[in-house]
Amino acid sequence: MSDLRETKKKYEEIPIPEELHQRVEEAIRNSEEKRKAEQKIVRIRRKKKIVKTVAAVAGFVVVFTAVLNTNFVFAREVQKIPVIGNLARVLTFRSYEEEDENLQISVEIPSIETIEEDMTGMTDEINQEIYHWCEEYANEGVERAKQYREAFLSTGGTEQEWMEHNIKITVWYEVKASTEEYLSLAIKGNENWTSAYTEDKYYNLDLKQKKLLSLKDLLGENYIQIANESIQSQMSQRTEIEFWEPDQGGFTTVSDDTKFYINQNGNPVVVFGRYEIAPGSAGQIEFEITDGTEEKKEQEETQEATEETTQDITQETDTQYEDNFSVDSSAVADFANEIKNVVAAQDLSALADLASYPLYIGFSEGGISVNTKEELLELGAERIFTPELEEAVQATEESSLSPSMAGFSMTKDGRPNVVFGVTGGRLAIQGINY
Amino acid sequence: MGKKQYDRIVNYIVENQNKFYRLAFSYVRNQDDALDVVQNAICKALDHYTALRNIEAVKTWFYRIVVNESILFLKNQKKEYLAGEENYADGPYIEKKYEPMDELFDQIDQLDEEVQKIIKLRFFEELSLREIADVVQMNLNTVKAKLYRGLKLLKQNIQEVDL
């Protein structure tokens, strides 16, 4: 019988297959991918030499350690992004090794490798530039965060509370237009403590000449005049936005600093950030500057369109309402009255015509959603026109219906009820509950 | 915790992959299965890397995972075998290659699960008793006792093998 030592030798002589290394790598890779998909934030600390003479808080030091990420994930769920041309992507990011806990700011920016993969055909130079811009954007964000932190701490906040803020700066880019001659890129960011305020930065690259394009380059010597005219005229068309007067801080003129990107049509689109020329509720405002000819065509087209619609003005149903609050009470009362008549007559077809789809029906045994008139008809008048519902509808005082965000509710004691409101500009039934 | 820890775990695994392979092999006794076991173990480990509280304990932590995966693999295999007996229609039953080692090795395989773990970790992987205690999650004295018992069963001269 061999002894343990010999057996051990046998053990050590167990041959290692070539494949082992592969399998190990594979397993690691799979797990990395899983991790990246789940992870959105990685702590970063910036390397900075700040000597704080103010006592306890230690200076923070951060070291960048680039980690290769070669995957990128589509779809950003934190913020809705208008899809213009290429999709905005959430890309993987450089991760940073922590050295000090105090800053507690997380940053996510696309990694250079991802940029390379994404921007096929671009030179390394350009990719580096893009990366650099993202970094810059992130740095500025970090600066803002730090300032905020200082203010926070100096007004009595504790480190603990700061940590709970979970400051996160996320940077990504969106390709606005990409041709052989030029590349127009928007660097966007999100700083989660400033309630979704983002200011985009735009870089318009002339690929042949390797320089950044200016409005002048695109619109010519007269660029200021051309742009101003276009913007002014668009402003007057956009009546839904209450642009500020020039003396209130509103739009005066474009300049060399005016932000713009180039869209797929090759036209510059001037962008004004929130609160730049109008109240914040309007958000970021964009104006496409086309040269004269296109605009004129547009004007002609809109003229034709308005001529057509004026003929319809006699019909009430074409009145466009913005929301439930902008409907005048007589229109509300009329609509409610219609509903009453329809319910009294148990006319399911007419009811279906008054509804918008998808229409929610909250049966007591469980709510469903019908997507078309036919589906509603299938349910049958008996199921819909219950005696309780009829009672509730008839009991409603149509002249005293008051608007709410959810709509107007026709009911006696709360349930059952019929809810209608503004959908697609007109009044329509949105839900029936039992 | 976080990236740093993760990377260190990955490094540790990559550096010691041969050891883990051999240990798995000592259980499953063939190449393909051993590869599978190692891969599974790595996946399990990295998926739950946050469970590792202290990076210093990565060794025993990972060994534990490898051992458990090996044993799990065998159990599943046995289940499949038993279930498979009824399903001849599934095609030819391919006999799994069972690598012969020496007698003692086979005898070790016969030992009960806990004792076997301890013997293997001690003599093949040269873990300290403390480390073994961590891997098998028993206290030190229990480990010693089982170790001696195992050696007795294997009829090994306790003096000979330096404990």
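Residues numbered from 1 in each chain as written. Chains lettered and ligands numbered in written order. Predicted model: local features only at pLDDT ≥ 70, side-chain atom pairs only at ≥ 80, totals over all residues. Heavy atoms only, no water.

A.B. asks: Quick question: what am I supposed to make of the overall build of chain B here?
C.D. replies: For chain B, the helix and strand inventory stands at eight helices and zero strands. Its helices and strands taken in sequence order, chain B reads α-α-α-α-α-α-α-α from the N to the C terminus. Sorting the 163 residues of chain B into buried and exposed places 48% on the buried side. Residue pairs at least 24 apart in sequence account for 65% of intrachain contacts in chain B once pairs closer than 6 positions are excluded. For chain B, the computed accessible surface area is about 8900 Å², with 48% contributed by carbon and sulfur atoms. (Helix = DSSP H or I, 4+ residues; strand = E, 2+ residues; numbered from the N terminus. Buried < 20%, exposed > 50% of the residue type's maximum accessible area, 1.4 Å probe, protein only. Contact = heavy atoms within 4.5 Å. Areas by Shrake-Rupley, 256 points an atom, 1.4 Å probe, with all protein chains shown as cover.)

A.B. asks: Explain the environment of E365 of chain A to me, please; I cannot follow it from the model alone.
C.D. replies: Mapping E365 of chain A onto the fold places it in the loop between strand 14 (355-363) and strand 15 (366-370). A polar atom in the side chain of E365 of chain A sits 2.8 Å from the side chain of R383 of chain A. (Polar contact = N/O pair within 3.5 Å; in protein donor to acceptor, adjacent residues only side chain to side chain.)

A.B. asks: Please clarify how the confidence of the model for chain B should be interpreted in this entry.
C.D. replies: Should the pLDDT be low somewhere, the predicted coordinates at that spot are not to be read in detail. Residues and elements named next belong to chain B. On average, residues of chain B score 84 in pLDDT, and 85% of them are at 70 or above. Within chain B, helix 5 (residues 103-110) has the poorest average pLDDT of any element, 84, and helix 2 (residues 17-28) the best, 94. Interface confidence for the predicted complex, expressed as ipTM, amounts to 0.83; the pTM equals 0.36. (pLDDT = per-residue confidence, 0-100.)

A.B. asks: So what exactly am I meant to see when it comes to the sheet that holds strand 18 (residues 426-433) of chain A here?
C.D. replies: Note: strands within a sheet are paired through backbone hydrogen bonds, in either parallel or antiparallel orientation. Residue and element names in this part refer to chain A. Spatially, five strands are ordered 15-14-18-17-16 in an open sheet, and the strand pairing comes out mixed. Single-partner strands in this sheet number two, and they are strand 15 and strand 16 (408-411). On average, adjacent strands in this sheet sit at an angle of 20° to one another, irrespective of strand direction. In this structure, strand 17 (residues 417-423) lies alongside strand 18, joined through seven bridges in antiparallel fashion. Its bridge partner lying in strand 18, F420 is registered against I429. Across the sheet, helix 9 (residues 329-344) touches strand 16, strand 17 and strand 18, and the angle it forms with strand 18 is around 50°. (Pairing = 2+ DSSP bridges. Axes fitted to C-alpha atoms, helices over the stretch in contact; angles between N-to-C directions.)

A.B. asks: Help me understand the sheet that holds strand 13 (residues 285-288) of chain A, please; the structure alone is not making it clear to me.
C.D. replies: Residue and element names in this part refer to chain A. Here we have three strands laid out as an open sheet, ordered 11-12-13, and antiparallel in their pairing. Each edge of the sheet is formed by a strand with only one pairing partner; in this case those strands are strand 11 (260-262) and strand 13. Direction aside, neighbouring strands of the sheet carry axes that sit 25° apart on average.

A.B. asks: Explanation requested: the packing of helix 9 of chain A against helix 13 (residues 387-395) of chain A in the structure shown.
C.D. replies: Packed helices, taken two at a time, are described by the angle between their axes plus the distance between the axes. Residue and element names in this part refer to chain A. In the contact formed by helix 9 and helix 13, the axes pass within 9 Å of each other and the chain directions differ by 150°. With respect to their mutual orientation, helix 9 and helix 13 come out roughly antiparallel. Handedness of the crossing formed by helix 9 with helix 13: left-handed. Between helix 9 and helix 13, the residues in contact are I339, K340, V343 and A344 and E390, V393 and Q394, respectively. For the contact of helix 9 with helix 13, the residue count by class is four nonpolar, one polar and two charged. (Parallel < 35°, antiparallel > 145°, perpendicular 65-115°, else oblique. Left-handed = near helix turned anticlockwise from the far one by under 90°. Nonpolar A, V, L, I, M, F, W, Y, C, P; charged D, E, K, R; others polar.)

A.B. asks: Help me understand unusual backbone geometry in this model?
C.D. replies: When glycine is set aside, most residues are seen to have a negative phi, and most peptide bonds are trans. Of the consecutive residues Y357 of chain A and P358 of chain A, the connecting peptide bond is found in the cis state with omega at 0°. Along the chain, P358 of chain A falls in strand 14. Here the bond from R415 of chain A into P416 of chain A is cis, since omega is 0°, no more than 30 degrees from zero. Relative to the assigned elements, P416 of chain A resides in the loop between strand 16 and strand 17. Even without glycine at this site, R29 of chain B takes up a positive phi of about 60°. Structurally, R29 of chain B can be placed in the loop between helix 2 and helix 3 (31-47).

A.B. asks: Before we go on, may I ask you to explain the pattern of salt bridges in this structure?
C.D. replies: When the charged atoms of two side chains with opposite charge come close together, those side chains can pair. According to the stated counting rule, one finds 17 salt bridges over all chains in the structure shown. Residue E391 of chain A is joined to K412 of chain A by a salt bridge in which the shortest nitrogen-to-oxygen separation is 2.4 Å. Residue E391 of chain A is located in helix 13, and its partner K412 of chain A is located in the loop between strand 16 and strand 17; the two are separated by 21 residues in the primary sequence. Owing to a relative accessible area of 46%, E391 of chain A belongs among the partly exposed residues under this scheme. With a closest N to O distance of 3.3 Å, K59 of chain B and E131 of chain B form a salt bridge. (Salt bridge = Lys/Arg side-chain N within 4 Å of Asp/Glu carboxyl O.)

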